[in-house]
Amino acid sequence: MKRIYISFDFEGLAGITSWGDVDKKNPDYKRKEMLTQLRAFLSGLSDCEIMLVDSHASGDNIPWEITNEFPNVNLVSGGVRPYYMMYGIDGSFDFAVFFGYHAGIGTLNANMDHTYSSSSIHNIWINGIEMNEALINAAYAGLYGVPVGCIVGDDKVVEQTKPFLNKAIYVQTKTSIGRHSAIMKPMKNLLEELEETGKALSKKERGDFEIFKFQSPIEMVVEFSDTLRADLVSSMPLVERLNGRKVRIVHEDYKVIFEALLAMTYICAAARVLS
């Protein structure tokens, strides 16, 4: 039986345009819209073993009850955990799926663009390449020899990621036209496409897709929203301050780079208290 790893995010889904749509505490929280799309996709993967990693915000968006409907799904829930969006991936998975992903911070006309932290990070470059979450996470999967088989998200994440992962299957959920606006794909069409894509993926093999990796040594440059966040992060080992808002870290092992980025986002949470 195929093992498929699904890293779930929210902002790239259809029906979503603003932060209130993806905030569990907001009365306009769009859980129903999210679950409708997720169920359609999982319906096509009934013959596969799935690890579904809830990676949006505190990781408590997908109800455990979904495993009654899909007993082939193991759901990972909860907030602070090792490797966050990529918890639990290892070489036993045939490929990874990034579901509900969005464009990187600063992307022109992108709906809800951000990269790991919408409040703290203004940009991330790895080996000179401007990053989004899909590429950052794809390289982490690559450490275990796991390719990315599918990305579900808006047109901007598709445009950004396809040049690096051109063998992956892409499902475009909407056409972003601004930070809080998008043209949604008709629901019936999208749900059919999601289910058919799931069925197609269940017949794919690991070798049908490409493994994404960065060449060593790996350099990550992070630009923060203000100098306070750069001040806080500069106390981390191996981190070099480049200017008021930018820091740099270089290492041979991408796992160290990935963990450093997670540590930076956690440290920056303290800035809300200190500001």
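Going by the structure above, here's the rest.
Residues numbered from 1 in each chain as written. Predicted model: local features only at pLDDT ≥ 70, side-chain atom pairs only at ≥ 80, totals over all residues. Heavy atoms only, no water.

Draft legend 1. Region of interest: the overall build of the chain. Per the secondary structure count, the chain includes eight helices and 13 strands. Since a compact globule built from 275 residues should have a radius of gyration of about 19 Å, the 18 Å found for the chain is in line with a globular shape. For the C-alpha atoms alone, the extent of the chain along its principal axes is close to 50 × 40 × 30 Å. On the chain, roughly 11500 Å² of surface is accessible, and the fraction owed to carbon and sulfur atoms is 52%. In the chain, which carries 28 positive and 35 negative side-chain charges, the distance between the mean positions of the two groups comes to 1 Å. (Helix = DSSP H or I, 4+ residues; strand = E, 2+ residues; numbered from the N terminus. Rg over C-alpha atoms; globule rule 2.2 N^0.38 Å. Areas by Shrake-Rupley, 256 points an atom, 1.4 Å probe, with all protein chains shown as cover. Lys, Arg positive; Asp, Glu negative; His and termini not counted. Charge placed at Lys NZ, Arg CZ, Asp CG, Glu CD.)

Draft legend 2. Quick peek at the side chain of Thr 265. Note on placement: Thr 265 falls in helix α7 (residues 254-268). Among the polar contacts listed, one links the side chain of Thr 265 to the backbone oxygen of Leu 262, at a separation of 2.6 Å. Look past the residues within four positions of Thr 265 in its chain and what remains in contact with it is Tyr 116, Ser 117 and Ile 121. (Polar contact = N/O pair within 3.5 Å; in protein donor to acceptor, adjacent residues only side chain to side chain. Contact = heavy atoms within 4.5 Å.)

Draft legend 3. Representation of the packing of aromatic side chains within the structure. Counted according to the given criterion, the structure contains 14 aromatic pairs. Ring geometry for Phe 98 and Tyr 101: centres 4.7 Å apart, planes at 10°, overall stacked. Overall, Tyr 101 belongs to the buried group, its relative accessible area being 0%. Members of the aromatic cluster, each reached through a chain of ring pairs, are Tyr 83, Tyr 140, Tyr 144, Phe 164, Phe 212, Phe 214, Tyr 254 and Phe 258. We note Arg 3 situated over the ring of Phe 93; from NZ or CZ to the ring centre the distance is 4.2 Å. (Phe/Tyr/Trp six-rings, centres within 6.5 Å; stacked < 30°, edge-to-face > 60°. Buried < 20%, exposed > 50% of the residue type's maximum accessible area, 1.4 Å probe, protein only. Lys NZ or Arg CZ within 6 Å of the ring centre and 35° of its normal.)

Draft legend 4. Focus on helix α3 (residues 133-142). By the criterion of burial, α3 is predominantly enclosed, with ten of the ten residues buried. Within α3, burial applies to Glu 133, Ala 134, Leu 135, Ile 136, Asn 137, Ala 138, Ala 139, Tyr 140, Ala 141 and Gly 142. Taken together, the buried residues of α3 touch β4 (95-101), β5 (121-126), β6 (129-130), β7 (148-153), α4 (155-161) and α7. One side-chain oxygen at the N-terminal end of α3 lies 3.1 Å from the backbone nitrogen of Ala 134; it belongs to Asn 132.

Draft legend 5. Here's a closer look at helix α1 (residues 31-43). Over its 13 residues, α1 runs 18 Å from end to end, which matches the ideal 18 Å to within 8%, given 1.5 Å per residue. Residues of α1 that are buried: Met 34, Leu 35, Gln 37, Leu 38, Ala 40, Phe 41 and Leu 42. (Expected span 1.5 Å × (residues − 1).)

Draft legend 6. View of the packing of α3 against α7. Packing of α3 against α7 leaves a shortest axis separation of 10 Å and a crossing angle of 140°. As the angle between them shows, α3 and α7 are arranged oblique. The chirality of how α3 crosses α7 is left-handed. Facing α3, whose interface residues are Ile 136, Asn 137, Ala 139 and Tyr 140, α7 presents Tyr 254, Lys 255, Phe 258 and Leu 261. (Axes fitted to C-alpha atoms, helices over the stretch in contact; angles between N-to-C directions. Parallel < 35°, antiparallel > 145°, perpendicular 65-115°, else oblique. Left-handed = near helix turned anticlockwise from the far one by under 90°.)

Draft legend 7. Up close: the sheet that holds strand β8 (residues 169-172). Pairing is parallel across the open sheet formed by six strands, whose spatial order is β3-β2-β1-β4-β7-β8. With one partner strand each, in any of the chains shown, β3 (73-76) and β8 form the two edges of the open sheet. The average angle at which neighbouring strand axes cross in this sheet is 15°, direction not considered. By the bridge criterion, six bridges tie strand β1 (residues 3-8) to strand β2 (residues 49-54) in an arrangement that is parallel. Bridged to Ser 7 within β2 is Val 53. Where helix α5 (residues 187-202) meets the sheet, its contacts fall on β4, β7 and β8, and the angle it forms with β8 comes to roughly 170°. (Pairing = 2+ DSSP bridges.)

Purely spatial values, then, with no claim about function.
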